[in-house]
Amino acid sequence: MSLLSLLFSQPWVFAAFIVVFAIALSVHECAHALAAFWLGDSTAERQGRLTLDPRAHIDPLGFISLLLLGFGWGKPVPYNPYQLRLPRIGPVLIAAAGPASNVIMGVLFALVFKWSLLHFGGANLLTIFTEAGAFLNFSLALFNLIPVPPLDGSKALLAILDEYRFQHAHRWIASQGPNLLLVLVLLDMILPMGPLTWISSASAWLVQAILVL
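This section reports on the structure supplied with the text. Position numbers for residues start from 1 in each chain and track the written sequence from start to end. Given that the model is predicted, a residue must reach a pLDDT of at least 70 before its local features are reported, and side-chain atom pairs must reach 80 or more before they are shown or counted; all residues, however, enter totals for whole chains, interfaces and linings. Note: side-chain values were computed over all heavy atoms of the structure, leaving out hydrogens and water.

### With respect to the overall build of the chain
Helical segments are the DSSP runs of H or I of at least four residues, strand segments are the runs of E of at least two, and each set is numbered from the N terminus. Helix and strand counts for the chain come out as nine helices and zero strands. Listing every helix and strand of the chain by position from the N terminus yields α-α-α-α-α-α-α-α-α. Seen through its principal axes, the chain has C-alpha atoms that stretch 55 × 40 × 35 Å. Taking all 213 residues of the chain together, 43% fall into the buried category. Should any heavy atoms of two residues lie within 4.5 Å, those residues are counted as being in contact. A separation threshold of at least 6 residues defines the contact pool for the chain, and within that pool the share at least 24 residues apart is 66%. About 11600 Å² of surface is accessible on the chain, with carbon and sulfur atoms providing 73% of the total. For this count, His and the chain ends are skipped, Lys and Arg are scored as positive, and Asp and Glu as negative. Positions of charges follow a simple convention, taking NZ of Lys, CZ of Arg, CG of Asp or CD of Glu. With 10 positive and 10 negative side-chain charges, the chain shows a separation of 5 Å between the mean positions of the two kinds. Residue exposure (1.4 Å probe, protein chains only): buried if accessible area is under 20% of the type maximum, exposed if over 50%, otherwise partly exposed. Surface accessibility follows the Shrake-Rupley procedure with a 1.4 Å probe radius. Residue values consider only the protein chains on display as shielding.

Here is the structure:
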């Protein structure tokens, strides 16, 4: 879904998604940097990534993709695996910190959305903003759990394959990740219910599930 289609039909929803994207992405990338810092590597901190300032994390191409395709990404957070106290599991923990932060944010947004919907109704700006916040945070978390490089879910898969007997599979997945991700995007455009559409549906279901709690 193109967010640009909302610009003239539902401008407040469009604005809410843009603001929420900046917040969700900043929390996501800062969580990566914070996890790396806690594990002993200060690379991200030295490069100014241990911050919630969106200017440090937004990737222009990822932002354009959000507007045109309905999903986007930020600048990857750098870290030195040789500086980590847990060199084998450390990259997985750093990767998991991003989606975990978005799940927490999604739950918090959903709870405020539930309260705002009850007290102010669906047309209120706070209601629109918090609904967008819950949906987009859950979507960002689920999207990044896809085990395809450079997404966060790939770190767990590559850690499992980090043995000599799996070296060919490890090398192939690491090198072909962007192509595999492109295939997922194309499938989503062709199929009635592609992978990204399933993520949107799952995110909407999570928001609704919290509303009925």
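Next comes the rest of the account.
### A look at the side chain of threonine 130
For threonine 130, the position within the fold is in helix α6 (residues 125–144). Reaching out from threonine 130, the side chain makes a polar contact with the backbone oxygen of threonine 127 at a distance of 3.2 Å. Here a polar contact is taken to be a pair of N or O atoms separated by no more than 3.5 Å, where protein atoms must pair a possible hydrogen donor with a possible acceptor and residues adjacent in sequence count only if both atoms sit in side chains.

### Regarding helix α4 (residues 60–69)
For α4, the set of buried residues is Gly62, Ser65, Leu66 and Leu67. In this structure, the buried residues of α4 make contact with α2 (11–38).

### As for unusual backbone geometry
Here the residue pair proline 149 and proline 150 is connected by a cis peptide bond, since its omega of 10° sits within 30 degrees of zero. Inspection of the secondary structure assignment puts proline 150 in the loop between α6 and α7 (153–160).

### Things to note about α7
Among the residues of α7, those classed as buried are Gly153, Ser154 and Leu158. Relative to the axis of α7, the buried residues are bounded by an arc of 125° and lie together on one face. Looking at the buried side of α7, the elements it contacts are α6 and α8 (167–190). The arc in question is the one traced by the directions running from the helix axis out to the C-beta atoms.

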